[in-house]
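# Survey of secondary and tertiary structure
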Amino acid sequence: MPQETTARLFFALWPDDAVRAALARLARSLHQECAGRMIPAHNIHLTLVFLGNVANGRIPDLRALAAAIAAPSFDLIVDALDYWRHNRIVWAGTAECPEALRKLVAQLTHGLRTAGFRCEDRQYAPHITLLRAARRAPAVQATGGILWRAGDFVLMQSLRRNGAVAYEAIGRWPLGAALQDVLRRPMPMV
Ligand code: 2AM
């Protein structure tokens, strides 16, 4: 019987060029302080939901589920730094997680579970990994805020190419005004 192939997948926010450049600058300065391996600028992202290995045949279900998400766009202020000792990553995050980000993750997770996908039970901890195998934690836990206007989200595939991690976009979906906001707007007089 032919084996069904799988893909290692996750939903994420992907930065635009300006935010990517600012995060890559931050990664470079943290690297001087904490050593370890810098995440290449083109790989920097914020994971929303990690799916792990998914049968390729289920990718259309993931696309349909993502297309059905109705969630507002939001601003993320990247102003916090931290270090996880258990996996030695240095990451950037946000002192205050926007409610819209939590709701987007909750909506995705709910849709995924309903469709029979396995998602983690752990509480969502928004983090943008900047260094792996870091030798020490950064001395300060705050950074000048980087404004990230999240206007869409992506489904990514994680691959290994020549021993390096490579990410490929499978789909991208816009975040927009929530339906309630649209309905609340005054109707134009005709
Ligand atoms: P990390 O940066 O903390 O390793 C692609 O691998 C993305 O999915 C990364 O953002 C990674 O987070 C996250 N990821 C990888 N394995 C994961 C797991 N088992 N649980 C949750 N997130 C994971």
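As shown above, the structure is provided for reference.
For clarity, every value in this text was computed on a predicted model and none was experimentally measured. (Residues numbered from 1 in each chain as written. Predicted model: local features only at pLDDT ≥ 70, side-chain atom pairs only at ≥ 80, totals over all residues. Heavy atoms only, no water.)

A tally of helices and strands in the protein chain yields four helices and nine strands. Sequence-ordered secondary structure for the protein chain, helices as α and strands as β, is β-α-β-β-α-β-β-α-β-β-β-β-α. When its C-alpha atoms are laid out on the principal axes, the protein chain stretches across 60 × 60 × 30 Å. Evaluated residue by residue, the protein chain yields a buried proportion of 44% over its 190 residues. At a minimum sequence separation of 6, the contacts of the protein chain that also span at least 24 residues come to 78%. (Helix = DSSP H or I, 4+ residues; strand = E, 2+ residues; numbered from the N terminus. Buried < 20%, exposed > 50% of the residue type's maximum accessible area, 1.4 Å probe, protein only. Contact = heavy atoms within 4.5 Å.)

This next bit is on the site of the ligand. Around the ligand, the neighbouring residues are Arg 8, Phe 10, His 45, Thr 47, Phe 50, Ile 89, Glu 120, Arg 122, His 127, Thr 129, Arg 132 and Tyr 167. For the ligand, an oxygen atom lies 2.7 Å from a polar atom in the side chain of His 45. A distance of 2.6 Å is found between an oxygen atom of the ligand and a side-chain nitrogen or oxygen belonging to His 127. The set of elements that each furnish at least two residues to the shell around the ligand consists of strand S1 (6-13), strand S3 (46-55) and strand S6 (128-132). (Near = heavy atom within 4 Å. Polar contact = N/O pair within 3.5 Å; in protein donor to acceptor, adjacent residues only side chain to side chain.)

For the coordinates displayed, the defined rule picks out seven salt bridges. Here Asp 121 and Arg 113 are joined by a salt bridge, their closest N and O atoms 3.1 Å apart. Residue Arg 113 is classed as partly exposed on the basis of its relative accessible area, which comes to 40%. (Salt bridge = Lys/Arg side-chain N within 4 Å of Asp/Glu carboxyl O.)

Turning to the pairing of S1, a few remarks are in order. Burial of S1 is extensive: six of the eight residues sit out of reach of the surface. Sheet analysis places S1 next to S3, joined by eight bridges and oriented antiparallel. Across the sheet, Arg 8 pairs through a bridge with Asn 53, a residue of S3. (Pairing = 2+ DSSP bridges.)

This part takes up the nonpolar core. Counting residues in each nonpolar core, the largest one holds 54 residues, and the members touching the most others are Phe 11, Leu 13, Leu 48, Leu 101 and Phe 153. If one sorts the elements of this core by residue count, helix H1 (residues 17-34) sits on top with eight residues. Discounting residues that sit within four places of it in the chain, Leu 101 has contacts with Leu 13, Leu 46, Leu 48, Phe 74, Leu 76, Tyr 124 and Pro 126. (Core = buried A, V, L, I, M, F, W, Y, C linked by side-chain atoms within 4.5 Å.)

Quick look at the packing of aromatic side chains now. Taken as a whole, this structure holds six aromatic pairs when the rule is applied. Between Phe 10 and Tyr 167, the ring centres sit 5.3 Å apart and the planes meet at 80°, which makes this aromatic pair edge-to-face. Of the two residues, Phe 10 is situated in strand S1 and Tyr 167 in strand S9 (residues 164-174); the sequence distance between them amounts to 157 residues. Judged by its relative accessible area of 4%, Phe 10 falls in the buried class. Taken together, the ring pairs in this structure connect Phe 10, Trp 14 and Tyr 167 into an aromatic cluster. Cation over ring: Arg 58 sits above Phe 117, and NZ or CZ is 4.1 Å from the ring centre. (Phe/Tyr/Trp six-rings, centres within 6.5 Å; stacked < 30°, edge-to-face > 60°. Lys NZ or Arg CZ within 6 Å of the ring centre and 35° of its normal.)

So, about the pairing of S6. For a regular strand, side-chain orientation follows a simple rule: the groups alternate between the two sheet faces. Most of S6 sits inside the fold, with four of its five residues counted as buried. Summarising the sheet, strand S2 (residues 37-38) and S6 pair through two bridges and their orientation is antiparallel. Within S6, the position partnered with Arg 37 by the bridge is Arg 132. Where strand S5 (residues 89-93) lies against S6, three bridges are found, and the strand directions are antiparallel. Of the residues in S6, the one forming a bridge with Val 90 is Leu 131.

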